[in-house]
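Remarks on the overall topology
One letter stands for each residue in the lines below.
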Amino acid sequence: MQTPMIDYIHLLLESIGEDGGHVASYIPELAQANPDRLAVAIATLDGKVYVAGDADVEFTIQSISKPLTYALAIADQGLESVLQHIDVEPSGDAFNEISLDPDTGRPRNPMINAGAIAAHALVSGEDADARVDRIVDLYSRLAGRSLSIAEDVFESELSEADRNMALAYMLRTVGKLEGTPTDVVRGYTRQCSVSVTVRDLARMASVLAAGGVTAEGERVLEPEVNRQVLSVMATCGMYNSAGDWLTSVGIPAKSGVAGGLMGIMPGQVGIAVFSPRLDAHGNSTRGVRMFERMNHDLGLHLMNASASVSTVSRRVEIDGCSVHEITGDLHFIEAERIMRGFEDEPVGDAPVVIDLSQVRRANDIARRVMLEGIRRLHLDGHEIRLVDPWGVLGSAETGNGELVRGEQARGGYVPGAFANVASAVRG
Ligand code: GLU
């Protein structure tokens, strides 16, 4: 069988219809782009990338670089320090607007050029070149391959960078720019000139969708940094159409003037499209349309609210033991439901078996709530027999069912660990 995903994305390209708008021309080299290029890529969190169209054609990343460099600035300087330089409010302005807060002098957000230039300058590095190297290195780790700079686009853009230069000098006058404006704009322009394909962008998006971890398990961004970046993309990523985007498409995204567009459905998938003609906001015309279609067809809007507690928790009596069988991923709301099952446990010394063999993941808060519930059952007099072969409540050796007891021990309680429910019931 061939997965229907492949047919779906080919069909999407075939049916996307007429193009509109114009290729960006304020950067002379971009005006040379073939306007008919069209590509889409969808990357799952476990590393599968579906592509269609011109998926291996390279183009420059342009403003899609902004959230990534912002992430590195936060990782280097800490969020507080970055917030002192760059605000997080949607500006409602065009990308190159000279939009600084009149009271604080901070650029409104890191997705407009003023904020992106300030963010570039906050990245650590011995000199301007070292800063760019670190930035390209981060992009490469996110893309899963070594990326390079399109020198022709870089030269072309730098020769027309007067406006960005003006922004940098202005940022310096208000104390929001570290470093020499010419060096910073040069570095920022190099960052915008990194060559990527939709495949690369989708893969980058999938790492952000996974909270900063690659499909191979490498942590590239800390969870708090990743969350900050996604939040700013959601509110400010699409220039002056950010509100329209959030309501109609509903996922964090960032577009670039070369025609790329990258979107992230947190916890699910990374998506990228490429089509060089831009609408009046500077976003890829067909790119926006493809996103609207995909998000509708695949139900990816962040605000699609549904009452979904995915966990099933069932209490059964087996040979005098009370067994709580739990299935599904655990977040706060699932843990809350499990606590209600624990609450029904009569006070006494009957052994309680907690069977987590059908649970593969628990986030931090779910883990803490679960451990607290276990501690309380223990205080009520119960002997707790934990079946946690995947180690979701702590660091466990998978495979043999033996728990390593680090996390539980820290909570003041060391449970017995059993390979399966039958051995837990037997004690
Ligand atoms: N390098 C471009 C600029 O600074 C990026 C703009 C964009 O992609 O929107 O003008």
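Residues numbered from 1 in each chain as written. Predicted model: local features only at pLDDT ≥ 70, side-chain atom pairs only at ≥ 80, totals over all residues. Heavy atoms only, no water.

Per an unreviewed UniProt entry, the chain is named Glutaminase, and its organism is Galactobacter caseinivorans. UniProt's Sequence similarities (unreviewed entry) comment on the chain is quoted here verbatim: "Belongs to the glutaminase family." As recorded by UniProt, the Catalytic activity (unreviewed entry) comment attached to the chain reads in full: "L-glutamine + H2O = L-glutamate + NH4(+)". (UniProt positions renumbered as here; feature names shortened; annotations may be inferred.)

This part takes up the UniProt feature "domain: STAS" (unreviewed entry) in the chain. Annotation from UniProt places "domain: STAS" (unreviewed entry) at residues 319-387. Secondary structure over residues 319-387 splits into 41% helix and 26% strand, and the C-alpha atoms at its two ends are 17 Å apart. (Helix = DSSP H or I, 4+ residues; strand = E, 2+ residues; numbered from the N terminus.)

Bringing a negative patch on the surface into the picture now. Together, Glu126, Asp127, Asp129, Asp133, Asp137 and Asp183 make up a region of like negative charge exposed at the surface. When residues of the negative patch are assigned to their parent elements, the largest contribution, three residues, is made by helix H5 (residues 128-143). Its place among the elements puts Asp127 in the loop between helix H4 (113-122) and H5. (Patch = residues over 30% accessible without salt bridge, like charges linked within 9 Å, V, L, I, M, F, W, Y side chains within 5 Å. Areas by Shrake-Rupley, 256 points an atom, 1.4 Å probe, with all protein chains shown as cover. Salt bridge = Lys/Arg side-chain N within 4 Å of Asp/Glu carboxyl O. Lys, Arg positive; Asp, Glu negative; His and termini not counted. Charge placed at Lys NZ, Arg CZ, Asp CG, Glu CD.)

Before going further, it helps to spend a moment on the environment of Val257. Looking at the secondary structure, you find Val257 in the loop between strand E6 (253-255) and strand E7 (260-265). Between the alpha carbons of Val257 and Ile61 there is a distance of 8.3 Å; along the sequence they are 196 residues apart. Once residues lying within four places of it in the same chain are set aside, the contact partners of Val257 are Ala24, Tyr26, Ile27, Leu30, Gln62, Phe95, Leu278 and Gly282. (Contact = heavy atoms within 4.5 Å.)

Attention now goes to the sheet that holds strand E8 (residues 269-274). If you trace the five strands from one edge of the open sheet to the other, you get E3-E2-E8-E7-E6, paired in antiparallel fashion. With one partner strand each, in any of the chains shown, strand E3 (49-53) and E6 form the two edges of the open sheet. Direction aside, the axes of adjacent strands within the sheet are offset by 10° on average. Both strand E2 (residues 39-44) and E3 contribute to a ladder of five bridges, which runs antiparallel. Following the sheet pairing, Ala43 is matched in E3 by Val49. In the packing of helix H9 (residues 198-209) onto the sheet, contacts are made with E2, E3, E7 and E8, and the angle to E8 comes to roughly 155°. (Pairing = 2+ DSSP bridges. Axes fitted to C-alpha atoms, helices over the stretch in contact; angles between N-to-C directions.)

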